Amino acid sequence: VEKEVFEARGEETKKAIPFPMELVAVLENWLMIYSKVEDKKALVYFVWIVLLMTYASLRFGDMLHTKPETLTYKNGVLYGSCWRTKVERRKRGTKFAVPDVAITKKPWLKTGLRIFEEMN
């Protein structure tokens with residue numbers, strides 16, 4: 001019993017529920033369709049952020065602390081850095097990378113990046 005208690009205590013109490021692949025595909029398709037609609041740019045930007053968090057395995061708090069100027073696209077990967085996260089409290093920040101991949105084979109990353117650059 002003691003061994004089970006120590007094992008249970010060592011496990012994380014709150015585990016994130018992964019997004020179903022179908023949901024990620026719907027978000028990718030939605031982003032591509034509505035990126036052409038001018039009055040939907042803010043919603044497209046939000047969906048892009050959700051997809052970035054999904055593909056980079058970031059928490060919402062990490063994304064809130066991402067400096068826009070740290071986002072750089074190079075060789076098919078979007079690189080970024082978030083600061084003052086739950087894990088990382090130093091000034092250098094936590095680096096992350098989002099590969100240019102898609103379930104739907106559509107260029108959601110570049111499309112969202114273009115809208116992000118237009119909005120900033």
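Quick note: structure is the one above.
A.B. asks: Any chance you could explain the layout of surface pockets here in plain terms?
C.D. replies: Where empty space is left in the structure can be found by rolling a water-sized probe over the atoms. By volume, the second largest pocket is sized at about 190 Å³. Of all elements in the fold, only helix H3 (41-56) and helix H4 (60-64) reach the threshold of two or more residues within the lining of the second largest pocket. Looking at the lining of the second largest pocket, its residues break down into 9 nonpolar, 2 polar and 1 charged.

A.B. asks: Can you help me understand the sheet that holds strand E1 (residues 72-74) in this one?
C.D. replies: What links the strands of a sheet is backbone hydrogen bonding, and the strands pair in either a parallel or an antiparallel sense. On the basis of which strands lie adjacent, the open sheet formed by 3 strands has the order E1-E2-E3 and antiparallel pairing. Pairing within the sheet leaves two strands with one partner each, and these edge strands are E1 and strand E3 (94-99). Taken over all neighbouring pairs, the strand axes of this sheet differ in orientation by 25° on average, direction set aside. Bridge count for E1 against strand E2 (residues 77-82) is 3 bridges, and the pairing is antiparallel. Bridging across to E2, Thr 72 finds its partner in Tyr 79. Of the strands in this sheet, E2 and E3 are in contact with H3, which crosses E3 at around 105°.

Rules and cut-offs
- Residues numbered from 1 in each chain as written.
- Predicted model: local features only at pLDDT ≥ 70, side-chain atom pairs only at ≥ 80, totals over all residues.
- Heavy atoms only, no water.
- 1 Å grid on protein atoms, 1.4 Å probe; cavity = no way out; pocket = protein on both sides within 12 Å on 5 of 7 lines; lining within 4 Å.
- Points joined across faces, edges and corners; volume = space filled by probe spheres on them.
- Helix = DSSP H or I, 4+ residues; strand = E, 2+ residues; numbered from the N terminus.
- Nonpolar A, V, L, I, M, F, W, Y, C, P; charged D, E, K, R; others polar.
- Pairing = 2+ DSSP bridges.
- Axes fitted to C-alpha atoms, helices over the stretch in contact; angles between N-to-C directions.
- Contact = heavy atoms within 4.5 Å.

From the geometry alone we can't say anything about function, so treat these as descriptive.
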